[in-house]
Structures are given as C-alpha cells and as structure tokens.
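# Observations on the model geometry
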Amino acid sequence: MASTTSSIMDTLFQRTLEDLIKGLRLQLIGESAFISKALEEIRREIKSTDPHTKSNALQKLSYLSSLHHFDMSWAAFHVVEVMSSSRFSHKKIGYHAASLSFSDSTPVLLLITNQLRKDLTNPNNEFEVSLALECLSRIATTDLCRDLTPEIFTLLSSTKIFVRKKAIALVLRVFEKYPDAVKVCFKRLVENLDSTDPHIVSAVVGVFCELTSNDPKSYLPLAPEFYRILVDSKNNWVLIKMLKIFAKLVLLEPRLSKRVVEPVCEHMRRTGAKSLMFECVRTVVSSLSEHEQAVKLAVVKIRELLLDDDPNLKYLGLNALSIVAPKHLWAVLENKEVVIKWLSDEDPNIKRESLRLVMAMVSENNVVEICRVLVNYALKSDPEFCNEILGSVLSTCSRNLYEIVNDFDWYVSLLGEMSRILHCQQGDEIENQLIDISMRVRDVRPELVRVGRDLLIDPALLSNHFLYRILSAAAWVSGEYVEFSRNPFELIEALLQPRTNLLPPSIRAIYIQSAFKVLIFCLHSYLLQRESTASSYPDTLALSELASKREMPEGSDLATFKAPSHSEQDEVFNPRVSNQSSEELSVGNGGDRTINHGQTSTPVTSENIFTYEAVVNQLNLIELALGPLTGSHDVEILERVRNLLCFIELIKGEILESLVQKEENLNSAEMKSSKIIKLMSDAFSEELGPVSVSAQERVPIPEGLVLKENLNDLEMICGDIQLPSSISFSLVSTHYEEGVGASLPDLQSKEELEPPSEATSLLAEHRKRHGLYYLTSEKNDIVANDYPPANDPKLQDDQNNDTEDLVKLTEQLLVSKKRPNQAKPRPVVVKLDGDFVPVSAKRPGPKDDSLSGAVQEVLLGNDTRTSTSRSNPSDKSSSKRKGKEKLITDPSSELNENLGDAEKLDHENPSSRRSKHRTHGKERRHKSPGKIREEREENGQKEKKKSSHRHARHKTRQRADVPLNVVSETPVIPDFLL
Amino acid sequence: MGIRFILMVNKQGQTRLAQYYEYLTLEERRALEGEIVRKCLARNEQQCSFVEHRNYKIVYRRYASLFFLVGVDNDENELAILEFIHLLVETMDCHFGNVCELDIMFHLEKAHFMLEEMVMNGCIVETSKTNILQPIQLMEKSS
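None of the values given here were measured: they were computed from a predicted structure.

### Some details on the overall build of chain A
Of the regular secondary structure elements, chain A holds 48 helices and zero strands. Partitioning the intrachain contacts of chain A with sequence separation of at least 6 by distance along the chain shows that 73% fall at a separation of at least 24. On chain A, roughly 45800 Å² of surface is accessible, and the fraction owed to carbon and sulfur atoms is 55%.

Written out as structure tokens, the structure reads:
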C-alpha cells in the first residue's frame, strides 16, 4: 500500500529533467548534495510501473551520467525495459541511455537482441529503425553483430536513404566485431559505391576510408571504383575521404600513382575549399612525393598556407612541410625565412612545428651555427619551449653516433653551456652524452675535463637539482681523465666543497670516488716528480711518461712530441728563452725553472704544482671534509669515504716522514707508500671503454645459475639502497683500434695557455665570503642558498639573440651551403657492433587479420564464382587442365616463371595484356594450396545460393580481383586502371 | 574511426554535451575531459585550433561562451572538421534560432539527435542542414 502511494506521488510530483537542470543551476555550492538527493529520487522513480515516470527518471539519470559522470550501470535493466516501450519518445530515451552506458561487459546485452531485431525490421517507422542502428553502432558486440547480420544486410539495400546510409555506417562496426559478416555484406556495400544518391556515396566512402586505413592491401582491387569517384565527385567531403584512400593505396601499388597524380593536382589547382586543397597537398607530399611536378605545385600551395594570417593554415602549412622535409629538403630551404619567423610565434604548437623544421635543415655544415642560434634563442624562451629546443638539439646532434658533429670540442662546450641555461631540464640526456662522448672520442677528453671542471667548480650550480645528473657526469669525467686537468688540486677542492651536501647521496658518492682518483693522480705525480728531481731526470720526461701511461705504452715517443710543444709554449710566455733550443730545455732543469718563475701569475702548469706543501694541504683538506661523513647513513658514501680516509691514513705518515729525510735518503722510507700509490694509480688508469649493448648476451650463462629466480624478497630487504650510476660505466675495458696522433700533446699545451675562467674567481670569491664554511665539519647542514642564479638570462641579453638576428644568421649559414672543410679532421668515434639501432621496428601488421582475410576471401569468392560461371566451357576446361599440370610442377620454379611473366607483362601492349593476364591469374589460382581453394569455392557457392543478385561489373572486378589471390606469394599486382 | 568524440564545454570548463564514439569508462571520460579542457581553454584566439593530445588530435572552435571540441584520428583533415563544427553550429542556430549555451543545456536530447543524424559511428554521414533537421521537426510536430 505504501509503495503504491509513493509511486503515485512520484508520478504526480516527479521532477522533470528541466527541473533538475534548473535546480542544478541554482546550486552554487551544494551541488553534490543536490545531485545525490536527485539520484535518490531517480532510484525510487525508476522502479515505477508507470512508463512515463520510469523514462523520465532514466532521462535524468542519463543526463547526470553523461555530464556529471555518475555511474548508471546499475540501471541497465531499466534501460532495457524503457527500450522496449511502445511509445517512440520513451524508446528514444531508452536507446540513448543504452548507447551511453552499455559496454561489452554489460550482462543485459543478451536480452536486447530480439528487441533490436524487432526495431530494425519495423516496416512502418523508419525512425525506430534509425534508433536501433544508431544504438548498435555504439554498443554492438560480436554476438549482437552475428545475430543481426541478416537484418543489417537487408537494410543495406533499403529504399529509404535515411535508413540505408546509417546501415552503411554501422557496417564498419559489424566488420570489426564480426569479420564473417564480410561474406554476407561486403558485396552490397560495394554496390552502394555506384549509388546515384550523394548521401549514400558519402557514407559508403567514409566506411571504405576507415577500412582502407587499417588494411589497405585488401581494398586494392576496388581502385577502379574509387578512381571513378575521385574524378567524378563534386562533394568535397567525399573527395577528401577518397584522397585519404588513395594516399594509402598508392604506397602499395606505385603504378597507381601515375594515374592518380593528375586528378589530384587538378583538384588542388581548381578547388576553392582550403580543406580539400590541403588534403591534396598532404596526399602529394606523403604518398606521391616522387612526382616532381606535383610536389612543386604542392610546395607552392604550402607557401600560400605559410604566409596566411590564419594560425590554423600556418600550422597546417608547417605540418605539411615537415612531411616533405625528409624527401625534398629544398622545399624547406625555400621557405626557411618563414619557418624561422614562426619560431617566435605566440602559439606553442606553431613554434614546435617550426622548430622541428629547423632541426630538419641541420646538416654537418651548419650544425654549429644553427645550434648556437637555437641555444641563444632558448635562453629567452619560456621554460617549456626552452627545453624543447634543447631536447631537439641534443637528439639531433647525437643522432647516429654524433654523425653530424665534426668538432667535438665545440659540441662538448655546447653541452656545458646548455647545462647552465636556467630552465634546462635535460640533465639525464646531457649526462649520457657527456659520458658517451668521453668514452667514444678520445681526442675530446681534454676539453671534456675542462668543461667538467667549469661545471664542478661553480658553487651556484649545486642548488639546481636539474643539474645533478650533469654534475655527476662531470665529476666522473674529471676523475677518470684527470691527467688532462690543468690543476688537479682545484678539482679536489671543487669535488669536496661544502655545498656538495646538497647533492643526493648517489651522486655524492661519485664525487667522493672522483676525488679519490684525483688524489691518487696527484700523489703519483708528486712521487714521480720527486724521483725525477732526485735522480735529476728531466721533469718533462717523467711527467709526460705519466700522462702517456694511460694513452700510449710507448712513453718515449710521447716525450719527443712533448719537447717541441714545450718550446712553443716558451715562445709565448718567455721570449727571453725562446731562442733556446728544445733539446736544451728538455734536458736541463734550469730551463724549466725559468719557465716556472715566469709563469707564476699565469695558470700553473702541471710541473710546479705537485709540491710537498700542496700535497699535504690536500690530504688535510680531504680528511677535514670527509671526516664527518664517516657517520653517513648511505652505504655508498660511507664505503667510499672509508676507502679514501683509510688510504690517506696509510700513506700520510710516510709522506710526512719523508719530509724530514727529504734531502737525504728517501728511497727506503718511501718505498712502501709509493708502492701503494703506484698500485692504485695503475688500477685507476685502467681504460674504461664503451660496451656493446649485446656484450652481455655473448657471455655464456654458467651451468647451475638460475637467472629467473624470483628475487622479490631481496628487493624488500634492500629496497632503499640506490646504486650509484657510476657503476654502469665501469664494466669492461676495451681497446681502441687506433692510437692517437700528435694532436694530444698539442691540445694539452693549448689548454695550458688559456687564461683562468671566471669560475675560478667565483670559487675564490665564494671562499672569501663563506670562508667560515670551508674546511669545517658539516654541522652547518643548511648552507646559504643565496647565490646568484647560474645563468641569468639578462646577462646574456647583450648577445645577439633577437629573432631578426636569428633569421639573418640562419639565412647566412643556409645560403653558404658549401663551406670549406674544417681544418680539423673529425676525430675517431668508437663504434661498436651493438650500437647500430635496428633499422626499424617490425612493421605492425594489419590490425584485423581476420577482417582483411574475410574481405580478401569475399573478393576472391566473387572471382571464383564469376570466372567459373562466366567463362565459356572450352576456356574452362583448358584452364583446369593447365591448373592440374601446374600442381605437379615444382612450386618454386613456377613462382619464378610467374614473376618473370608479370615483369614481361609491363612491357607488353595493353591489348595483349588483358587476355594474357586472365590466364595468368587462373594459373595462380590453381596453384594455391588445394585446401584453401576448396574452401574458397565453397564460400563462393554458398554466397551464390544466398544471393541470386549478379553484379553488373563482374568483368572489371574479375580482372582486378585475380591477383589478390596471390598477394601473399608475390607482390605483383596489375595496373587496375588500364 | 575518424571522429572519436565530440564535446561542448563552456568557458568555466563545465561539459555541456559529450558524445563518445568509442567506449570509455566514466573515469576515463572524466580524466579525458579534464585534460582537454585544461589544454584547450588556456589557448587564445590568436593560436591555432589544433592540439595534439595523447595519440590523436583535438580540433576545437569557440562560439561565444561555448567551446566545441572534436577528437579525431591523426590523419583526419583538420579543416574539414572545423567545417563540420561550423555546420553543427549553423544547424543548431537554424533550429533554436540564435543558439546559446542554455538551449543546449535544456534541449540536450535534441542536440544529441542532430549529432546522431550527422555522425554515425565516427563517420560523417550527413552534411545537409535540411536533412539533419527533418526528422527532429517531424518528431516535434507529432508530439
């Protein structure tokens, strides 16, 4: 009783959808409360037996679900009930709700098959048919498609255009869900291509466009029909779809392109619609790019688009240009000033497109200038675009193992410069490239160390966490190639500066390890120097021996290189001694001494810095800086700190001792520590090389080793331990194929001539200001963070980085296409076999194998049927006999024969081609494995029974269809349009 | 499938109409609409109407306070979709007479009905205004 009264009340006072919307509009804050109240009402109302109340409730629910994302799956059964209502207005609500909320997993789907069938076959109300079609196009499952295929098939030839076009559009979903439907419906779908009604043609072309884009090969036989529409149609929508179809087909069948290119150009020239014109352009640049005239015309049109004020056309113009770029770079170069102009457009999408094009223009002749311009431009850009610029510079330059980079010194310093850009977030990539280059290109190591030092030494950089990865690479490089460093002590100071406590532990560990390496190098140099002084060996020899140790086994050779380089140096710094011969210099200590005195104000050369005081100072510094870290909670840091400190402890005593006996007998006292140092130095000077990606695979797995055991438990135990990234570099040493020439010492001496960079003074200044923090324990955990930003864009403003300059510059460098070759030869870049990126990932096959199979089968089925029924008896028997013979022969030889046949075909005159072709096709058909053939014939017969309708254009179809039979065997396809 | 979805969103980012041609769960729809609204509504009139999003494109156009956003496959013709949006607005204009946000809010069903006439299963099947409006006018007469 109570329930009936409430339902009557509901019916009488039910809120309509309009009330609900009005109510919602009034709620400014309590919207969710209002909606949950409304949902409560709906839950009650929807159970009502009154169809009006029920459908009204469902309508409200659909509204809330569609626009406010409330779940309505619970109402699925009510939806079915409303769908089956006899009143159209209710039914409509029900169908709408179903298409909104039903998915493949909705259980009640099984209940609606009959309802849908009833509505689809409703002879009186085409709107109900339309509702059912519309709903099916959204919710149809495999089962529904299978069960309703006969009804849909009937509707495909409905006399009511209104219904037929929707049925056509629905077929797309049916094919996708239930490929077997192709056997039934495909032929009728194709017939609709011939329809005189433009709406039907428009719908069916839309369907074929989608089908073709998924699996172009299967629809190649329909090319003649498509071509006719392309030429005849006046409807721009249809033409656009047609162009899309041909863009796909032409790629498969090059001969088709000769046919298509003319009408496409004609449309491009004639049409007033920008959309069609653009589609023509896109078709030409993407699929007809070998037709020069067409491409030229397209580029003219692209230029029109580029110069248009409408940002949409601009964007599309750039887009089309980037499709042309790989094959016709001239088109981009022709429009370069426009492209560069849009680099400063206010629309980020347009900027991105033009950046892509600028990068496409990069070649090894202009890479330096373009990168310079772009990096300057990045300084002024907003963070997002700045990173896009940097990212594309990095990826372009590193492409194919730095293919376009000739001057690695330049590139490395560019990397250093990029790291200092304020918004730079490309840390990972720069880190990888720095390490990669250091291992691959040995000539660039001195410059790398210099760049790394500049980065390490700048305390301000330590506050930018985007740079940490780069700093870790810099630290690693400085440690690994410390022999190229101008001043190793400075490196130790930089690596241990107080602000390094801002670094994450893993990177800090790399810092400490690098400091260890540098220290070993210093000590080793110190000892060598002492030895040589003691035994009155020339310093240069000892040191060059040291420097050469790693690079070249034949130290004596290097020494001879080194000597002339020193004399050069003297000429610059000390004209007084310039007339001295190099022999004198390298032999006499006195010569060196004068140089050292003359150079006190200039950067110290490696000869005079390894003094006893300096070494002891460094040892103290390290002990002080790292002492507090012995309590660190990070294993990596702890381990490395302990290593370093213990080592110092080990040798310190002896080194101090040795001072006392310095002038006397040092050999015996120092033997032990020098041995240790020598040992360590040898260990560290082991060359690290790049490792092939496939190296791991070549290592055989030892027996009894279970690699695939589940180690999840282990992960739980040591989950928070992060491995330092340096581990990945220190794997195996490999040998370079080629030694280095005389360039190495040259570079070194050149480096020594350079004046100190501003970073040194920065560090000094910092030291002055914050001297308190230096060499103290790390109790001051919070280090003042008030450094000026490392790279204030304002500072760079004086640089010529305006867009106009950009245009000018780029223009210049693009004009001078052929620049004289660089004086410096490109250094060797070590390549490994594993480095070659696989040419391209496996091309994804057609998405719907079953669908394409079904389509091909139908086209073939047609053919089988028509050819047997249409050809005259004698022809038939002869072809059959022929087929039997062929079956016996060796298939491989036949294949060759057929291939040859097909090639010949091309050269024959058209009249003979036709007849020949037919027999050719028949041979092929018989050649295909018997089982498949039987199946096909069966299908053909089945279909013959089903539809007595005979297709009018079988003749053309037959000709076109034949080769499809063998598509999988040979790529030979006849020219459909001849 | 050509067109994947059609959204109408007002300046405040509230969805006024949503039509999807592929099944997405409610959460996916909510996330998608949020992302798109953030991306497109931030753009100004001088910027182009195409936005790349995930693995497809969004072509959008603003009419007064309402944004019409259409998600399409990557190889769809952007200009044609803009024309389609314009056609949709003209059709609504024709039916409602100077269409505004409120018309669509209160006559969501009709708006859906028009869309269903124009687009079926992601393909544009009808581009004639009279043909689109014919059934809806018939229905109004009969009720």
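### Points about a nonpolar patch on the surface
All names here are of chain A. A cluster of nonpolar side chains, I701, L705 and L707, forms an exposed patch at the surface whose accessible area comes to about 310 Å². With respect to the helices and strands, the residue I701 is situated in the loop between α38 (695-698) and α39 (712-717). By relative accessible area, I701 is classed as exposed at 54%.

### So, the interface of chain B and chain A
Counting from both sides, the interface comprises 56 residues of chain B and, opposite them, 62 residues of chain A. Both faces considered, chain B and chain A share a buried interface measuring about 5100 Å² in area, 55% of it formed by carbon and sulfur atoms. In this structure, the connection of chain B to chain A is made through seven salt bridges. The partner of B:E76 in a salt bridge is A:K241, and the shortest N-O contact between them spans 3.4 Å.

### Brief notes about the pairing of strand β2 (residues 15-20) of chain B
All names here are of chain B. Most of β2 is tucked away: six of the six residues are buried. In terms of strand pairing, strand β1 (residues 3-10) meets β2 through five bridges, oriented antiparallel. For I6, the partnering residue across the bridge sits in β2 and is Q19. Linking β1 to β2, which pair antiparallel, is a turn of four residues; within it G13 sits at a positive phi near 90°.

### What about the pattern of salt bridges?
Counted under the stated rule, the structure contains 49 salt bridges over all chains. Residue A:D345 is joined to A:K314 by a salt bridge in which the shortest nitrogen-to-oxygen separation is 2.9 Å. Of the two residues, A:D345 is situated in the loop between α20 (336-341) and α21 (348-361) and A:K314 in helix α18 (residues 311-324); the sequence distance between them amounts to 31 residues. One salt bridge connects A:R469 with A:D428, and the closest N-O pair in it is separated by 3.8 Å. Of this pair, A:R469 sits in helix α27 (residues 468-480) while A:D428 sits in helix α25 (residues 427-440), placing them 41 residues apart in sequence. Its relative accessible area of 44% is what places A:D428 among the partly exposed residues. Bridged by salt links that share partners, the residues A:K244, A:E279, A:R282, B:K57 and B:E78 form one connected network.

### What about the pairing of strand β3 (residues 50-53) of chain B?
Residues and elements named next belong to chain B. One ladder, built from four bridges, connects β3 with strand β4 (residues 56-63); its direction is antiparallel. Residue V51 lies in a different strand from β4, and its bridge partner there is I58. Remark: two residues form the turn of the hairpin made by β3 and β4, two consecutive strands paired antiparallel; R54 in that turn has positive phi of roughly 45°.

### Re the sheet that holds β4(B)
Residues and elements named next belong to chain B. The strand order across the open sheet built from five strands is β2-β1-β5-β4-β3, with neighbouring strands paired in antiparallel fashion. Each edge of the sheet is formed by a strand with only one pairing partner; in this case those strands are β2 and β3. On average, each strand axis in the sheet is inclined to that of its neighbour by 20°, with strand direction left out of account. Contacts from helix α2 (residues 78-96) reach β1, β3, β4 and β5 (66-72) within the one sheet, and its direction differs from that of β4 by about 40°.

### Remarks on the confidence of the model for chain A
Low pLDDT means the predicted atomic positions in that stretch should not be read closely. Residue and element names in this part refer to chain A. Of the residues in chain A, 64% reach a pLDDT of 70 or more, and the chain-wide mean stands at 72. In this model residues 537-606 is a low-confidence stretch, pLDDT under 50, and it forms 88 contacts with partners more than four residues away in sequence or in other chains. pLDDT under 50 marks residues 836-847. Its contacts with residues more than four places away, or in other chains, come to four contacts.

### Section: helix α4 (residues 108-118) of chain B
Given 3.6 residues to a turn, an α-helix orients residues that are three or four positions apart in the same direction. The buried count for α4(B) comes to nine of 11 residues, which makes it a mostly enclosed element. Along α4(B), the residues that are buried comprise B:L108, B:A111, B:H112, B:F113, B:M114, B:L115, B:E116, B:E117 and B:M118.

### Here's the deal with the packing of aromatic side chains
Within this structure, the stated rule accounts for 18 aromatic pairs over all chains. With 5.6 Å between their ring centres and 45° between their planes, A:Y315 and B:F50 make a pair best called tilted. Taken together, the residues A:Y315 in helix α18 and B:F50 in strand β3 connect one chain to another. With respect to class, A:Y315 is no different from B:F50; both count as buried.

Definitions and cut-offs
- Residues numbered from 1 in each chain as written.
- Chains lettered and ligands numbered in written order.
- Predicted model: local features only at pLDDT ≥ 70, side-chain atom pairs only at ≥ 80, totals over all residues.
- Heavy atoms only, no water.
- Helix = DSSP H or I, 4+ residues; strand = E, 2+ residues; numbered from the N terminus.
- Contact = heavy atoms within 4.5 Å.
- Areas by Shrake-Rupley, 256 points an atom, 1.4 Å probe, with all protein chains shown as cover.
- Patch = residues over 30% accessible without salt bridge, like charges linked within 9 Å, V, L, I, M, F, W, Y side chains within 5 Å.
- Salt bridge = Lys/Arg side-chain N within 4 Å of Asp/Glu carboxyl O.
- Buried < 20%, exposed > 50% of the residue type's maximum accessible area, 1.4 Å probe, protein only.
- Buried area = accessible area lost by both parts, 1.4 Å probe.
- Pairing = 2+ DSSP bridges.
- Axes fitted to C-alpha atoms, helices over the stretch in contact; angles between N-to-C directions.
- pLDDT = per-residue confidence, 0-100.
- Phe/Tyr/Trp six-rings, centres within 6.5 Å; stacked < 30°, edge-to-face > 60°.

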